[in-house]
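Architecture at a glance
Chain by chain, the residues run as shown.
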Amino acid sequence: MRPISWLRLPARRHLNRLLALAALLTGAGAGLALLSSCATVDRTAAAPPYIEGATFVGNAACADCHTNLTRLFDSSPHGRYHRADVRLAGLTGCESCHGPGSKHVAAAGAREFIVNPGRDPAACLACHLATHAEFRLPHRHPVLEGRMNCVDCHDPHGPDLMKPAGGLALARLNEACATCHREQARPFVFEHEALREGCTECHQPHGSIAPQLLTQRDANLCLKCHAQVQQPGAVMIGKTDHASLLRLGACWSAGCHTAVHGSNIHPKMLY
Ligand code: HEC
Ligand code: HEC
Ligand code: HEC
Ligand code: HEC
Ligand code: HEC
Ligand code: HEC
Ligand code: HEC
């Protein structure tokens, strides 16, 4: 098996280009030459998990015993860029996350010969370098610390990567967060409509430079939805002049809207 360089996985806006490249990569050996001449894409060497003495056997070999998962995998975004009929198949299919499967197959499914990234996310991070960097930011979900895992929020095999593995088929994004953060996601008498847009309107799911995983550390977090209207001598947000209030600190920490997720006692989001 020849060594292969994986692309550095960049932010979402680059994914389409990346996908095109991935198609090239799996489409033909010539794709490799093309890739190496593409100076705009940052590359890095990342390999699938290593398993002593094992070789790649391809998805078809897994189907015998893991029929449902193998069938499901075609509908997953990871599965869509996998092509079974090419030489690099082992590196884009099941074994890109689970490592080469020959010994696992030969030993009728012995667990010691296969990697489970549900316990160790190294396989995911080898491709998703940008995500890896996010989990090193000062405020983060403790994934690298081993206290939780990618699959608490992502389904690696199914059609919807944004639902937790083994979760309800209809689970929405907020519900993925709610399994651990019930307090913020529960119903309130005075709900904050912002939560209908999803927790990620205000929080980075992986990590952030701002405390509490916030997307912004100051009033701008709220002002992206609540426009300030400048008037002579006043800054109106809603029907209230906020000119002096905005100087007191962030909307939630200055004592004004302390119940940002919703309140049972006050319509203006106060405890
Ligand atoms: C001969 C049947 C067989 C084949 C073929 C097979 N497996 Fe398995 N696999 C099993 C069995 C049985 C288990 C459960 C082992 C246990 O629970 O002790 C298992 C467990 C696993 C696990 C979970 C391991 C863990 O530690 O939780 C993974 C991942 C896995 N297989 C991946 C694969 C992949 C990828 C392939 C194809 C390369 C594959 N299997 C091919 C029988 C098979
Ligand atoms: C994108 C990475 C990735 C790919 C590709 C992938 N898996 Fe998995 N697989 C995982 C993760 C992560 C887990 C752990 C899931 C959990 O803990 O809920 C897992 C768990 C498993 C298990 C253990 C049983 C279970 O449901 O937890 C089996 C068996 C398995 N995978 C087989 C496969 C087969 C067969 C394929 C190819 C058709 C495949 N996987 C492709 C990441 C992947
Ligand atoms: C072999 C490289 C590779 C590995 C290993 C890998 N991924 Fe991916 N992943 C990709 C590529 C390429 C895409 C883009 C596919 C697409 O968007 O259709 C992607 C897409 C994703 C997305 C969706 C991105 C979006 O914007 O929709 C998530 C979430 C994701 N991967 C999580 C994981 C997790 C969790 C694991 C480990 C269990 C993992 N990946 C392992 C290559 C990989
Ligand atoms: C706390 C839940 C959570 C955990 C844990 C988590 N993710 Fe995510 N991830 C998300 C959410 C939510 C999004 C969608 C972000 C958006 O659309 O704004 C996302 C998006 C992504 C994307 C798409 C690119 C991006 O950043 O928007 C990739 C790739 C990804 N996650 C990979 C991973 C990998 C790999 C792991 C484990 C190392 C992981 N995630 C752990 C919740 C999580
Ligand atoms: C599997 C459980 C789990 C899931 C799912 C989960 N989290 Fe967390 N969350 C944690 C843990 C553990 C911490 C770290 C708490 C600590 O360090 O004391 C945390 C911390 C946080 C914090 C920072 C809290 C603070 O006081 O600094 C925020 C905000 C947060 N999560 C939001 C989210 C959002 C948004 C989602 C959905 C995208 C989500 N979480 C999904 C377990 C989870
Ligand atoms: C409108 C923006 C916004 C939305 C949407 C939002 N949060 Fe928050 N969240 C905040 C702010 C601001 C803080 C900091 C509150 C503080 O310091 O008192 C926070 C704090 C947290 C904390 C830390 C503990 C706490 O309550 O102070 C957790 C956990 C949390 N949010 C989870 C979630 C979850 C889960 C969702 C989705 C159900 C969500 N958030 C949606 C703005 C938001
Ligand atoms: C994703 C958009 C969004 C974000 C971000 C957001 N909000 Fe809201 N907020 C709304 C919507 C929609 C309403 C209901 C309509 C309205 O009253 O403007 C609302 C209502 C409110 C209300 C009640 C207003 C009233 O007169 O009854 C307060 C107070 C509030 N938000 C404070 C905040 C604070 C503080 C933040 C920042 C932590 C914030 N919002 C961030 C969308 C958002």
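Along the chain, the regular secondary structure elements total twelve helices and nine strands. Counting across all 271 residues of the chain, residues that qualify as buried make up 21%.

Sheet strands pair via backbone hydrogen bonds, and the direction of the pair is either parallel or antiparallel. One open sheet holds the three strands; their spatial order is β6-β7-β8, and the pairing between them is antiparallel. Each end of this open sheet is capped by a strand with a single partner; those strands are β6 (229-231) and β8 (240-241). Bridging between β6 and strand β7 (residues 234-237) involves three bridges; their strand directions are antiparallel. Note that in β7 the partner of Gln230 across the bridge is Val235.

Here we take up the nonpolar core. Ala123 and Cys150 are the most contacted members of the largest nonpolar core, which totals 18 residues. Of all elements in the fold, only α6 (94-98), α8 (122-127) and α10 (173-178) reach the threshold of two or more residues within this core. Counting residues per element, this core draws most heavily on α8, which supplies three residues. The residue makeup of this core includes at least three contributed by each of domain 1 (6-127) and domain 2 (183-263). If sequence neighbours within four positions are ignored, Cys150 has contacts with Pro121, Cys124 and Val143.

What follows concerns the pairing of β7. Here β6 folds back onto β7, and the loop between the two strands holds two residues, one of which, Gly233, carries a positive phi near 75°. In this structure, β7 lies alongside β8, joined through two bridges in antiparallel fashion. What sits directly across from Met236, in β8, is Asp241. Taken together, β7 and the strand that follows it, β8, pair antiparallel across an intervening segment of two residues, in which Gly238 is found at a positive phi of about 65°.

Of note, Ala108 is a non-glycine position whose phi angle comes to about 55°, a positive value. Along the chain, the position of Ala108 falls in the loop between α7 (102-106) and α8. Overall, the presence of 7 C-beta atoms within 10 Å leaves Ala108 in the exposed class. The phi dihedral of Leu213 falls on the positive side, at around 55°, and the residue is not glycine. By the element assignment, Leu213 lies in the loop between β5 (207-208) and α12 (220-223).

Here Pro211 lies in the loop between β5 and α12. Along the backbone, Pro211 and His139 are 72 residues apart, and their C-alpha atoms lie at a distance of 5.9 Å. Residues within four places of Pro211 in sequence aside, it is in contact with His139 and Arg217.

Here we come to the environment of Gly238. Examined against the element boundaries, Gly238 turns out to sit in the loop between β7 and β8. C-alpha of Gly238 to C-alpha of Ala227: the two residues are eleven residues apart in sequence and 8.1 Å apart in space.

Among the secondary structure elements, Leu125 is positioned in helix α8. Under the C-beta neighbour-count criterion, Leu125 is labelled partly exposed, with 19 such atoms within 10 Å. Counting along the chain gives 25 residues from Leu125 to Cys150, while the straight-line C-alpha distance between them is 9.8 Å. For Leu125, the residues in contact, after removing those within four places along its chain, are Thr131 and His132.

Conventions adopted
Residues numbered from 1 in each chain as written. Chains lettered and ligands numbered in written order. Predicted model: local features only at pLDDT ≥ 70, side-chain atom pairs only at ≥ 80, totals over all residues. Helix = DSSP H or I, 4+ residues; strand = E, 2+ residues; numbered from the N terminus. Buried ≥ 20, exposed ≤ 12 C-beta atoms within 10 Å, placed from the backbone. Pairing = 2+ DSSP bridges. Core = buried A, V, L, I, M, F, W, Y, C linked by C-beta atoms within 7 Å. Domains from an automatic or database assignment. Contact = placed C-beta atoms within 7 Å.

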